[in-house]
Number of protein chains: 2
Amino acid sequence: MTEQARGVEEPPNDRAQLLLRTLIECYIREGEPVGSRTLSRESGLSLSAATIRNVMADLEDHGFVSSPHTSAGRIPTDKGYRLFVNTMLRYKPPGMAEIAELRRKLELRAGDPKALVTAASQLVSGLTHLAGVVTVPRETHASLSQIEFVGLSGNRVLAILVVNGREVQNRVLQLERFFPPDELRRAGTYLNDQFRGQELAGVRAQLVKQLQETREQMNRLMTDTITLAQRAFAIHPGDGEADMVIAGETNLMGLAELSNVDRLRRLFEAFSEKRDILHLLDQSLHGEGVQIFIGHESGYTILDDCSVVAAPYTQDDRVVGVLGVIGPTRMAYERVIPLVDIAARMLSSALNLRD
Amino acid sequence: MTEQARGVEEPPNDRAQLLLRTLIECYIREGEPVGSRTLSRESGLSLSAATIRNVMADLEDHGFVSSPHTSAGRIPTDKGYRLFVNTMLRYKPPGMAEIAELRRKLELRAGDPKALVTAASQLVSGLTHLAGVVTVPRETHASLSQIEFVGLSGNRVLAILVVNGREVQNRVLQLERFFPPDELRRAGTYLNDQFRGQELAGVRAQLVKQLQETREQMNRLMTDTITLAQRAFAIHPGDGEADMVIAGETNLMGLAELSNVDRLRRLFEAFSEKRDILHLLDQSLHGEGVQIFIGHESGYTILDDCSVVAAPYTQDDRVVGVLGVIGPTRMAYERVIPLVDIAARMLSSALNLRD
DNA sequence: AACTAGCAATCGACCTTGCCGAGTGTCAAG
DNA sequence: CTTGACACTCGGCAAGGTCGATTGCTAGTT
């Protein structure tokens, strides 16, 4: 029994790999099934079409390529793309001009995370002609810089939290009783003195503890202050769950592989639902560097025939979000992957720019 | 010379109108060109197909219908739809269940304009199976309830404006020098005493006047306070220009009349550009009640084959935005128009709910 | 043993043809 | 003014045919 005959999952030999690479490059370029004659011309090897057919039959047996029907060349399978991406990709880094544009447009928005994310999404979308997607940074470590209370009409109070010295969060609290302005001010001063510079999560924990201790002493004023603070520091809707910004979805329209209108609609609905896409991107949060999900690998049938290339980005050396693109499986990986990589780095550095 | 022969723009006679109405109702229902036999069956008049053909020829001469080609029935032109909508529409108001759903889901979000607008957009989109679009309320009259300053890192100061007793605006100001906390507090107290309850625009004007008067007295502290305030009340980016929320764009996919992929893409690009759509909706801001733009009437070629049904909504008896839907010219006007009307009223009342 | 050439078979893409049905315009008769 | 009859037009559909590309296989070559 030869190795071949056993039909196990060993990688194909060098020649077959070269041919697979040529085939995938051709297919990505042309978008049409590649036949043996074309490969014989383009591979660089001086092999006849007949020989190539034999190799192709092997590759098909091993599941790297498939034929849409008898007598239309071969197209890569997800497994074929995976091998291609893993072991035989020749990266083409973006040109200096593109890098410069990225840097310029991102640095322009340094200091405003929301604008940065939007810009990054639009930039990668524009440069790749695919859909760009960036999750908004999650507040992993949110240290309290300042808190203020402002009385609104009725029993409502506006809590303003300044976090990490630059981001501002507003929370409107509906309270049980009216708090006069000076009481609000006193509460603010107390909290600022007590908790400035600490993590929000930690503050919450301490407040609970204090509340129990103080309640025993029946100090009404203190209890109220702490209750007020607890409300302000309560988990905010949207605190934990991430959000994302998508740009250039329209680039996906008119792509041959998504010509099925119904599939395209479901894809767009997935974009506005966000849930599945976010779950997928979450997986890139852990793991370093560029992650690539090819076709069914994502696990979401909506993304069949689509690939996702994503890279985490950091703030203060912690991963806080993911930048990536979504496009057809047949995308120019050799250009997209380095671009996503660089864009994620630039976004990180723009996020960390202090002003 | 008979009236007919003069070929002027007089409306067609009753019978022709009835036939036109039947034709349009048929076409909206079926989506296919309507022939003379169908009309003869459905019109209720006992006329033969031949007679109807004569009437149709007249209607075509007057530009109310057109034939895609010889020997395919007739379809309405924009002008035909216009006459239909203006003079012979039989409204079908939405059912109680739908009205109840609208009211419930909107009242749930009373007090949060942004959430209201999003919900309204999704609701009308869902009920009509078209794209829902709502402009966010413009702050026509913004009376200052309260202003507070919070020092941030560096020379930056966060200004918090509470407007109309409920809406909160944050503005980060990059200042020339450092303002210590007590100076910020004094400025806040001064401005609150001076301007509480006044219109933002008025405040701006008064500040300019005060600045000139005070400058002559060389009161450094006062000048600085006023400069600070001026910055806080400066025209905010996005203050003047409106924004909007679109929901259910995907409903437009797969509609026969938008099957042209390229047209669909341009339409979606117009959605994300927003500019043209906003201009169009602006026209509905003035004018009362439901406005309808049919096909080319909008003046934007992107919206050819599309109609826009929109109605302004109010806050404190002033028009502050527009609620509407975008769909194919061939839409069920008799259901959509009353729905948009009611939805706009409900949005108004939800906006005016005090809590 | 590896490679190649040749060949038949297969299949999709594309075009033509013919035909059907739906629809129109016209005309003469009622 | 209405009607039925007739000729004509056009899109859609199915059947059939050609063309080209590609494959699998086999037999021959290096």
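Check the entry above for the structure.
These lines cover the structure that appears in this document, whether it is placed above or below. (Residues numbered from 1 in each chain as written. Chains lettered and ligands numbered in written order. Predicted model: local features only at pLDDT ≥ 70, side-chain atom pairs only at ≥ 80, totals over all residues. Heavy atoms only, no water.)

**A few points about the protein's contact with DNA strand C**
Contacts to DNA strand C come from 19 residues, most closely from A:Arg15, A:Thr51, A:Thr70, B:Ser36 and B:Ser71. When the atoms of DNA strand C within 4 Å of the protein are sorted by group, sugar and phosphate make up 69%. A distance of 3.2 Å separates a base oxygen of DNA strand C from a polar atom in the side chain of A:Ser71. Listed by contribution, the elements that provide at least two residues to the surface near DNA strand C are α4 (49–61) of chain A together with α3 (36–42) and α4 (49–61) of chain B. When residues of the surface near DNA strand C are assigned to their parent elements, the largest contribution, four residues, is made by α4(A). Considered class by class, the residues forming the surface near DNA strand C number two nonpolar, 13 polar and four charged. (Near = heavy atom within 4 Å. Polar contact = N/O pair within 3.5 Å; in protein donor to acceptor, adjacent residues only side chain to side chain. Helix = DSSP H or I, 4+ residues; strand = E, 2+ residues; numbered from the N terminus. Nonpolar A, V, L, I, M, F, W, Y, C, P; charged D, E, K, R; others polar.)

**Section: the protein's contact with DNA strand D**
Around DNA strand D, a shell composed of 17 residues is seen, among which A:Ser36, A:Ser71, B:Arg15, B:Thr51 and B:Thr70 lie nearest. Sugar and phosphate atoms represent 71% of those atoms of DNA strand D found within 4 Å of the protein. Between A:Arg53 and DNA strand D, the recorded distance is 3.1 Å, taken from a side-chain N or O atom to a base oxygen. Contacts to DNA strand D include B:Ser71, whose side-chain N or O atom sits 3.2 Å from a base oxygen. Top element by residues in the surface near DNA strand D is α4(B). It accounts for four residues. Tallied by class, the residues present in the surface near DNA strand D amount to two nonpolar, 11 polar and four charged.

**Describing the relation of the copies chain B and chain A**
Turning one copy of the chain about an axis and sliding it along that axis gives the other copy, so a rotation and a shift relate them. The operation relating chain B to chain A is a screw motion whose rotation component is 180°, with 0.1 Å of axial translation and a residual RMSD of 0.1 Å. The two molecules are tied by a two-fold rotation axis, judged by turn and shift. (Least-squares fit on C-alpha atoms with pLDDT ≥ 70 in both.)

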